Amino acid sequence: MPSLAEHLIRWHPLNGRHDLPWQQRRDPYAIWISEIMLQQTQVSTVIPYYQRFMQTFPSVDSLANAPLDAVLALWSGLGYYSRARNLHLAAQRIMQEHQGQFPESRGRIQQLPGVGRSTAAAIAVFAFGQREAILDGNVKRILARFFGIDGYPGQPKIQKLLWQQAEAALPADHRGGHIETYTQALMDLGSTVCTRGKPQCDLCPLQPQCIAWQQQRVAQLPAAKPRKPLPRKETVLLLLQHQQRLLLEKRPSSGIWGGLWCPPEMTIGADAVDYCRQQWGIAVQSPVELPALDHQFTHFKLRIYPQCLDVAADSRVTSPDHIWLKPAEALELGIPAPIRSILMQNFPAGKLSLGKC
């Protein structure tokens, strides 16, 4: 029987994806950007972000020399903002430590901030034609089903076994583009055929040898992550209005929404008028409560309670980490997706309504 790699190499020319904007090129910078964006994000979501990003930062030096705020602004809405911060830092390291040349080996690529083993391997394969194994979520699912591997793939012992299978399944001959075709075929098969829900086993080139299919366990493999109820948190966001502008503050570089611009945050139960007076020495009118917004992170659920407050005419907050902007101007900054939703829902014309508060 043909090997797993041989099946996929034969399958891909007619069934795989060939027109993604980062394909048909050997530019390691372009491939690196795409691989980082594709982490935990669907291809259809990534494409417009990738195109805008590459138009603005077409080379590693342009990214390294850009202000972090500009990078985060282009990333706004894509989520997992540590990826953008790591991209910026890694670009600076490439310029400083590698003389602007992208490192070629998987091991050296993996030393860049935000690059794990599988991502480094994908870059080494597509940019340099090296024989390396990848193991992203799609590949874990394919291998778990094909080899009938029980257990949650995130468990260390299961992940170790999957890496062993991924290494063993590599095509013996990586010349002539075989390793690139095989690696892309793995990604495409997992995205379009061997999907988490409703896999299309009748279209799968691996079906005859797939243990999960033979044993009618496709729906059970890979094993799901043991689930615990996500903790719930609540916060208040203060939409402070002054002279047709909103106050935004820059979040700390670490933590949730690190480095992004947001309205000031206040704990549940605190009095907004007292808080503003103690925090900044400003006088505000009693707040108007706006509709709450629910947002889910990987590890917890957050309910946001926006409050709209008019600031007294003679009050002002001034510091390097605070800016006053019109809502339309705020939407051009790096702001988190739920903040963008709050601004667009409450100020749809991009302007503050004088009667809002």
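Since we're looking at a predicted model, the values are computed, not measured.

Describe the overall build of the protein, listing the residues and the values that go with them.
When its secondary structure is counted, the protein shows 15 helices and 8 strands. Its C-alpha atoms give the protein principal-axis dimensions of about 80 × 50 × 35 Å. Expressed as a percentage of its 357 residues, the buried residues of the protein come to 48%. Here the contacts in the protein between residues at least 6 apart in sequence split such that 67% fall between residues at least 24 apart. Carbon together with sulfur atoms contributes 49% to the accessible area of the protein, which is approximately 17900 Å² in total.

Please set out the packing of helix 3 (residues 43-56) against helix 5 (residues 68-75) residue by residue, giving values where relevant.
Put simply, helix 3 and helix 5 touch, their axes get as near as 9 Å, and they point 155° apart. In terms of orientation, helix 3 lies roughly antiparallel with respect to helix 5. Between helix 3 and helix 5 lies a crossing whose hand is right-handed. Here Y49, R52, F53 and T56 of helix 3 come into contact with helix 5, specifically with V71, L74 and W75. Here the contact of helix 3 with helix 5 is built from residues that sort into 5 nonpolar, 1 polar and 1 charged.

Please set out the side chain of T183 residue by residue, giving values where relevant.
Along the chain, T183 turns up in helix 11 (residues 178-192). Among residues more than four places away in sequence, those in contact with T183 are V125, F126 and I134.

An account of helix 9 (residues 137-147) is requested, with residue identities and associated values reported.
In terms of residue burial, helix 9 counts as a mostly covered element, since 9 of its 11 residues are buried. By the burial criterion, the buried members of helix 9 are N138, V139, K140, R141, I142, L143, A144, R145 and F146. Where helix 9 is buried, its residues meet helix 1 (4-15), helix 10 (156-168), helix 11 and helix 12 (211-214). Here helix 9 starts with a cap whose side-chain oxygen sits 3.2 Å from the backbone nitrogen of N138, and that cap is D136. Two residues or fewer after helix 9 comes G148, characterised by a positive phi angle close to 65°.

Explain the pattern of salt bridges to me, using residue names and the numbers behind them.
Counted by the stated rule, this structure contains 10 salt bridges. Measuring nitrogen to oxygen at the nearest pair gives 2.8 Å for the salt bridge that ties D188 to R17. One end of the pair, D188, is in helix 11; the other, R17, is in the loop between helix 1 and helix 2 (28-37), and 171 residues separate them in sequence. You can call D188 buried: its relative accessible area is 0%. A salt bridge links R251 to E265; its shortest N-O distance comes to 2.7 Å. Of this pair, R251 sits in the loop between strand 2 (245-250) and strand 3 (261-262) while E265 sits in strand 4 (residues 265-266), and the two are 14 residues apart along the sequence. With relative accessibility at 17%, the residue R251 sits in the buried group.

Tell me what's going on with the state of the cysteines, and back it up with residues and numbers.
As enumerated under the stated definition, the model contains 0 disulfides in all. As a non-bridged cysteine, C204 has C194 as the owner of its nearest cysteine sulfur, 5.9 Å distant.

Help me get a handle on the environment of D202, residues and values and all.
Within the secondary structure, D202 sits in the loop between helix 11 and helix 12. According to the relative accessible area criterion, D202 is exposed, its value standing at 71%. It is 39 Å that separates the C-alpha atoms of D202 and A337, two residues lying 135 residues apart in sequence. Looking at D202, its side chain comes within polar contact range of the side chain of Q207, at 3.5 Å.

Outline the packing of aromatic side chains, supporting the account with residue identities and numerical values.
Each aromatic ring pair is summarised here by two numbers: the centre-to-centre distance and the angle between the ring planes. Throughout the structure, instances matching the rule amount to 9 aromatic pairs. Ring geometry for Y275 against W280: centres 5.8 Å apart, planes inclined by 85°, an arrangement best described as edge-to-face. W280 sits in the buried class, given a relative accessible area of 17%. In textbook terms, an aromatic cluster arises when at least three aromatic residues are bridged by ring pairs, as seen for Y29, W32 and F102. Directly above the ring of W163 sits R117, whose terminal nitrogen or CZ lies 3.6 Å from the centroid.

Give me the lowdown on helix 1, citing residues and values where you can.
End to end, helix 1 covers 16 Å across 12 residues, agreeing with the expected 16 Å (1.5 Å per residue, within 8%). Those residues of helix 1 hidden inside the fold are in contact with helix 9 and helix 11.

About the thresholds
Residues numbered from 1 in each chain as written. Predicted model: local features only at pLDDT ≥ 70, side-chain atom pairs only at ≥ 80, totals over all residues. Heavy atoms only, no water. Helix = DSSP H or I, 4+ residues; strand = E, 2+ residues; numbered from the N terminus. Buried < 20%, exposed > 50% of the residue type's maximum accessible area, 1.4 Å probe, protein only. Contact = heavy atoms within 4.5 Å. Areas by Shrake-Rupley, 256 points an atom, 1.4 Å probe, with all protein chains shown as cover. Axes fitted to C-alpha atoms, helices over the stretch in contact; angles between N-to-C directions. Parallel < 35°, antiparallel > 145°, perpendicular 65-115°, else oblique. Left-handed = near helix turned anticlockwise from the far one by under 90°. Nonpolar A, V, L, I, M, F, W, Y, C, P; charged D, E, K, R; others polar. Polar contact = N/O pair within 3.5 Å; in protein donor to acceptor, adjacent residues only side chain to side chain. Salt bridge = Lys/Arg side-chain N within 4 Å of Asp/Glu carboxyl O. Disulfide = S-S within 2.5 Å. Phe/Tyr/Trp six-rings, centres within 6.5 Å; stacked < 30°, edge-to-face > 60°. Lys NZ or Arg CZ within 6 Å of the ring centre and 35° of its normal. Expected span 1.5 Å × (residues − 1).

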